[in-house]
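What the coordinates show
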Amino acid sequence: MNLKVSIITPMHNSERFIEETISSVQNQEYKNWEMLIVDDCSSDKSIEIVEQIQSHDDRIKLFKNDVNLGAGLSRNIAIEKSSGDIIAFLDSDDIWFSNKLSLHLNYMNKKSSAFSHSSYGFIDENGKVIKSTYNVGNKSITYYDLLKKTDISCLTAMYDVRKVGKMYMPSLRVGQDYALWLDILKKGFKSDAFDVELAYYRQRNNSTTSNKFKLIKHHWYFLYHREKLSFFDSLYYTMNWAIRGFFKYYIK
């Protein structure tokens, strides 16, 4: 198996973390990859850092937005320009373990997966582990499963372009990745859960995740208007999502 993996990374003012993120990709045991970084109008030294690294590794490709588009549309630019068999996602402050691709690709090959995600841990802004592993279990995730619980995290999700086709994130400022997962699952695919910790999600003080309670109303609106669920179904799934999300990010 020598599938090419295209790693999709949006970047905005990430000078503090981007070098470590790129290093976690360069240190992969699996070597057949390209990393497509789309800078979304950074005003710090993010671009300079990437260009310096890029000069020594042509697998890293940097693209620059003329205007700020947000993470979702920046990812779409990278997806469009990608040439891999597998699309993977890694944000500019998160970290992969060195065996992430080798183990996850082997798992997907054994399962004949079109779409898959894994377990992961949490670190703070200083790289300190702050809570135990978020275990995704071994149950494949369906569309209705994902409405209740956001088990699929962007930093571990991978889909097979040969089976799914190139799929893009909708034009949303919040929850673009979640919307993409739902779109893939609505096509009849499942996301196979690989219950091995393969990455660290960096939980930042000013992140959208850290303000999850403010997203409850938005989530109901998303389910009701975009997913076309009924008023009460939207309320039911939103409450499930909110309660499980609280335990995921604040209790576990």
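Before reading further, recall that the structure is shown in the block above.
The structure reproduced in this document is the subject of the present report. Residue positions within a chain follow its written sequence, with the count starting from 1. Given that the model is predicted, a residue must reach a pLDDT of at least 70 before its local features are reported, and side-chain atom pairs must reach 80 or more before they are shown or counted; all residues, however, enter totals for whole chains, interfaces and linings. Only heavy atoms go into the side-chain values, all of them from the structure, while hydrogens and water stay out.

1. Quick look at the overall build of the protein
When helices and strands are tallied, the protein shows nine helices and nine strands. A globule of 252 residues ought to have a C-alpha radius of gyration of about 18 Å, and the protein, at 17 Å, matches this closely. Considered along the principal axes of its C-alpha atoms, the protein spans approximately 55 × 40 × 35 Å. Here the protein, with 252 residues, has 54% of them falling under the buried criterion. It only takes one pair of heavy atoms within 4.5 Å for two residues to be counted as in contact. Taking as baseline every contact in the protein between residues at least 6 positions apart, the subset at least 24 positions apart corresponds to 80%. Method for areas: the Shrake-Rupley scheme with a 1.4 Å probe, in which residue coverage is limited to the protein chains shown. On the protein, roughly 11400 Å² of surface is accessible, and the fraction owed to carbon and sulfur atoms is 51%. Under the scheme used here, helices are H or I runs from DSSP no shorter than 4 residues and strands are E runs no shorter than 2 residues, and both carry numbers assigned from the N terminus. Radius of gyration: C-alpha atoms only; globule rule: 2.2 Å multiplied by the number of residues to the exponent 0.38. Burial classes: relative accessible area under 20% of the type maximum marks a residue as buried, over 50% as exposed, and values in between as partly exposed (1.4 Å probe, protein chains only).

2. Points about the nonpolar core
If you look at the biggest cluster of nonpolar residues, it comprises 33 residues, and the most contacted ones within it are Val5, Ile7 and Leu101. For this core, the element with the highest residue contribution is helix α2 (residues 46–54), accounting for four residues. Joining through side-chain atoms within 4.5 Å is the link that ties buried Ala, Val, Leu, Ile, Met, Phe, Trp, Tyr and Cys residues into a set, and such a set is a nonpolar core.

3. A few points about the packing of helix α7 (residues 176–186) against helix α8 (residues 216–226)
Each axis is a line fitted through C-alpha atoms, and for a helix only the stretch in contact is used; angles between axes span 0 to 180 degrees, taken between their N-to-C directions. Interaxial distance between α7 and α8 falls to 13 Å at its minimum, and their mutual angle equals 35°. Every pair of crossing elements has a handedness; the one defined by α7 and α8 is right-handed. Every residue of α8 that contacts α7 at Tyr178, Ala179, Leu182, Asp183 and Lys186 is listed here: His219, Phe222 and Arg226. Within the contact of α7 with α8, the residues separate by chemical class into four nonpolar, one polar and three charged. Note: crossing handedness is left-handed where the near helix turns anticlockwise from the far helix by less than a right angle, and right-handed where it turns clockwise. Charged means Asp, Glu, Lys or Arg here, nonpolar means Ala, Val, Leu, Ile, Met, Phe, Trp, Tyr, Cys or Pro, and polar covers whatever is left, Gly included.

4. A few points about the pattern of salt bridges
The term salt bridge refers to a pairing of a side-chain nitrogen on Lys or Arg with a carboxyl oxygen on Asp or Glu at a separation within 4 Å. Under the defined criterion, the tally for this structure stands at twelve salt bridges. With a shortest N-O distance of 2.7 Å, arginine 162 and aspartate 160 are connected by a salt bridge. A relative accessible area of 52% places arginine 162 in the exposed class. Taken together, the salt bridges that share partners define one network made up of Asp183, Lys186, Arg226 and Glu227.

5. Digging into unusual backbone geometry
With phi around 65°, cysteine 41 is a residue other than glycine that occupies positive phi space. With respect to the helices, strands and loops of the structure, cysteine 41 is situated in the loop between β2 (33–39) and α2. A positive phi angle is found at serine 112, which is not glycine, with a value near 55°. Counting through the fold element by element, serine 112 comes out in the loop between α4 (100–111) and β6 (115–123). Judged by its relative accessible area of 52%, serine 112 falls in the exposed class.

6. Points about the environment of glycine 72
In this structure, glycine 72 sits in helix α3 (residues 71–81). Judged by its relative accessible area of 1%, glycine 72 is buried. Sequence separation between glycine 72 and glycine 175 is 103 residues, and the spatial gap between their C-alpha atoms is 8.4 Å. Discounting residues that sit within four places of it in the chain, glycine 72 has contacts with Met169 and Gln176.

7. Concerning the state of the cysteines
By convention in this document, the label disulfide applies to cysteine sulfur atom pairs within 2.5 Å. Within the structure shown, the criterion is met by zero disulfides. Summary of cysteine pairing: cysteine 41 is not part of a disulfide, and the nearest cysteine sulfur, belonging to cysteine 154, is at 20 Å. Residue class for cysteine 41 comes out partly exposed when judged on its relative accessible area of 29%. The class for cysteine 154 is buried, based on a relative accessible area of 7%.

8. Some thoughts on the packing of helix α1 (residues 18–26) against α2
Between α1 and α2, the shortest axis-to-axis distance is 10 Å and the interhelical angle comes to 25°. Here α1 is positioned roughly parallel relative to α2, judged by the angle of their axes. Viewed along their axes, α1 and α2 form a crossing whose handedness is right-handed. Counting all contacts with α1, which are made through Ile18, Glu19, Ile22 and Gln26, the residues of α2 involved are Ile49, Val50 and Ile53. Residue composition of the contact of α1 with α2, grouped by class: five nonpolar, one polar and one charged. Angles are sorted into four bins: roughly parallel if under 35 degrees, roughly antiparallel if over 145, roughly perpendicular if 65 to 115, and oblique for all others.

Limitation: the analysis is restricted to geometry and does not speak to function.
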